[in-house]
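An overview of the molecular structure
Here is how the chains run, residue by residue.
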Amino acid sequence: MQSSMMEKLSFLYKPYVLAVLTIGYIAGELGHYLIGVTSKATAIELDYGDQACQQNHTDFLRHELPAQCAEFIIEHECHQQHINGTVYCEWNYNGLGLEYQLLAGPSFIAVFTVMGVVLGVAADRYNRVRMLFVCTLVFAVAILLQGTVKEYWHLILLRMVMAAGEAGCNPLATGIMSDIFPESKRALVMAIFNWGIYGGYGIAFPVGRYITKLDIGGLGWRVCYYGTGVLALIMAVLTGTTLREPERQSIGEDAAGKAKVNLWKVLMQPRVLLLMFAASIRHSGGMTFAYNADLYYNIYFPDVDLGWWLFAVTIGIGSIGVVVGGVVSDKVVAKMGIRSRVACLAISQLLATPFAFGSVYFEPLWAMITLGISYFFAEMWFGIVFAVLVEIVPLQVRSTTIGVFLFVMNNIGGNLPILVDPLAKAIGYRGSVMFFYAGFYGISTVLFFITMFFMDGPKPEDTAATIGHDPTSHANHVEMGHENNTFQPDDYLPSPHTNGANGHRNIVSVRPSESSRL
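Residues numbered from 1 in each chain as written. Predicted model: local features only at pLDDT ≥ 70, side-chain atom pairs only at ≥ 80, totals over all residues. Heavy atoms only, no water.

By the naming in an unreviewed UniProt entry, the protein chain is Major facilitator superfamily (MFS) profile domain-containing protein, taken from Anopheles epiroticus. Comment text from UniProt for the protein chain, heading Sequence similarities (unreviewed entry), reads "Belongs to the major facilitator superfamily. Spinster (TC 2.A.1.49) family." Quoted verbatim from the Subcellular location (unreviewed entry) heading of the UniProt record, the comment on the protein chain is "Membrane". (UniProt positions renumbered as here; feature names shortened; annotations may be inferred.)

**Re helix 10 (residues 222–242)**
End to end, helix 10 covers 30 Å across 21 residues, agreeing with the expected 30 Å (1.5 Å per residue, within 8%). Three or more residues of helix 10 are buried, namely Arg222, Val223, Cys224, Tyr225, Thr228, Gly229, Ala232, Met235, Ala236 and Thr239. (Helix = DSSP H or I, 4+ residues; strand = E, 2+ residues; numbered from the N terminus. Expected span 1.5 Å × (residues − 1). Buried < 20%, exposed > 50% of the residue type's maximum accessible area, 1.4 Å probe, protein only.)

**Some details on the packing of aromatic side chains**
Enumeration according to the criterion identifies 22 aromatic pairs in this entry. When the ring of Tyr33 is compared with that of Tyr291, the centres are 6.2 Å apart and the planes differ by 35°; the resulting orientation is tilted. Within this pair, whereas Tyr33 is found in helix 2 (residues 13–46), its partner Tyr291 is found in helix 12 (residues 270–300), the two being separated by 258 residues in sequence. By relative accessible area, which is 2% here, Tyr33 ends up buried. Here the aromatic rings of Phe436 and Phe440 are separated by 5.2 Å at their centres, their planes lie at 55°, and the arrangement is tilted. One end of the pair is Phe436 and the other is Phe440, both in helix 19 (residues 429–452) and 4 residues apart, which spans about a single turn. By the ring-pair criterion, three or more aromatic residues cluster together here, those being Tyr296, Tyr297, Tyr300, Phe301 and Tyr429. Over the ring of Tyr13 we find Arg244; its NZ or CZ atom is 3.9 Å from the centre of that ring. In this arrangement the basic side chain of Arg430 is found over the ring face of Tyr300, its NZ or CZ atom lying 4.5 Å from the centre. (Phe/Tyr/Trp six-rings, centres within 6.5 Å; stacked < 30°, edge-to-face > 60°. Lys NZ or Arg CZ within 6 Å of the ring centre and 35° of its normal.)

**Focus on helix 19**
Helix length check: helix 19 (24 residues) gives 34 Å between terminal C-alpha atoms against 34 Å at 1.5 Å per residue, within 8%. In helix 19, a bend of some 35° at Gly439 exceeds every other bend along the element. (Bend = angle between axes of the 7 residues up to and from the residue.)

**Some words on a nonpolar patch on the surface**
On the surface, a nonpolar cluster with roughly 720 Å² of combined accessible area is contributed by Trp309, Tyr361, Phe362, Leu365, Trp366, Ile369 and Ile373. Among the elements that make up the nonpolar patch, the one with the highest residue count is helix 15 (residues 364–378) (4 residues). Residue placement: Trp366 occurs in helix 15. (Patch = residues over 30% accessible without salt bridge, like charges linked within 9 Å, V, L, I, M, F, W, Y side chains within 5 Å. Areas by Shrake-Rupley, 256 points an atom, 1.4 Å probe, with all protein chains shown as cover. Salt bridge = Lys/Arg side-chain N within 4 Å of Asp/Glu carboxyl O.)

Right, dumping it as structure tokens:
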């Protein structure tokens, strides 16, 4: 009887696995991005970062003030600002400074990228469910302990530990799902799972803002980390006790017997180097906004609550932009050749750039409107970049090339925002964010445009027959198994294109593992 009941409920196992892995991923990303929202409250308790004159918690609106608090750079002048005897400015930590930028970026990214490679290799040899259980447990405990810290260096250390655990989340989870779900459903499954990046980032805004303000039990910002850590712990237990290791699919290329390709020569191609550099600059712009958005809007619009706006824009519009970018690249632009893919990439970032400037220039209403428009176009980039990359490198070294590409992109893009602080001291925080956020969008547009001229244009239809004989061509695609590396295998998102006008057969796209596509 019990066996019969289990058989009847077996159809629920696959969606259950997807739910457990996705919620665990959301918890990890929430722990990753919470610091960007709680940094001011955290800095006040832990004594790190810059101090500045800021509007206090009185009920005055900015337009009612005779002078804006941010104009005063001397402490005693800050305290002298009042309306009818009510002081409206305070001198306190603002959550910014070099210490914050180190905390948000390099301390996490350095460990995340290195451990991603290590765990990706280990995933090919050991039980992935057990490894994912350990990884989830590690970042869950690290997030939980961040709520107990007493010193700044405690927070740095725990973010590094958190990064080590979270580095295994995406490659291990996607490897498990790729062996559970059929190819026909794999694209949808990966889209749902990778939404965890936007889910965690977007949820960080209301959680970090409003839970902190509730000051539950007098714990303030610490409750955010306790709650996130407990959620991650629950998902770790469910992962370790209810999921089972699926049977691995064989790797088709192992039996193909293809000639060796020199990885170094592939990486040193001008078009690969240009694409890598352009992607790194674009990623840096996105990470600058991710780590500074809440702090920026709190500093310049302290009397306006934008928490739910930021939540809606990042989760809603950002997710739509990712999907639209993939559809445009796969179903429309791919038919016109690789060069047109890169053109689409450049155009999308060009359209996003002026609106990105608007989001840090205008008053709150128009800032949110322009941010939404910018996000829609800007977030198309990630999928298109890797769709281009898999088409310009030989199949034999495609996975390794993507791994190197991600390593470089994450380290440059994740660490460059540390320069926001020194530039802010020279030209102001708004100008610095403008440069590294919207300015880098614009620079990446130029770089993508230059890269376009190094790509091949559409191929004549009569070359279709000859392409299939090239052992290094992506057109000669063999049904692949799953390598479970720090990126996802090439067959995760099978493209519907077969024998198109450009002669390409079975062109596939990739959704690599990454901490953030922002």
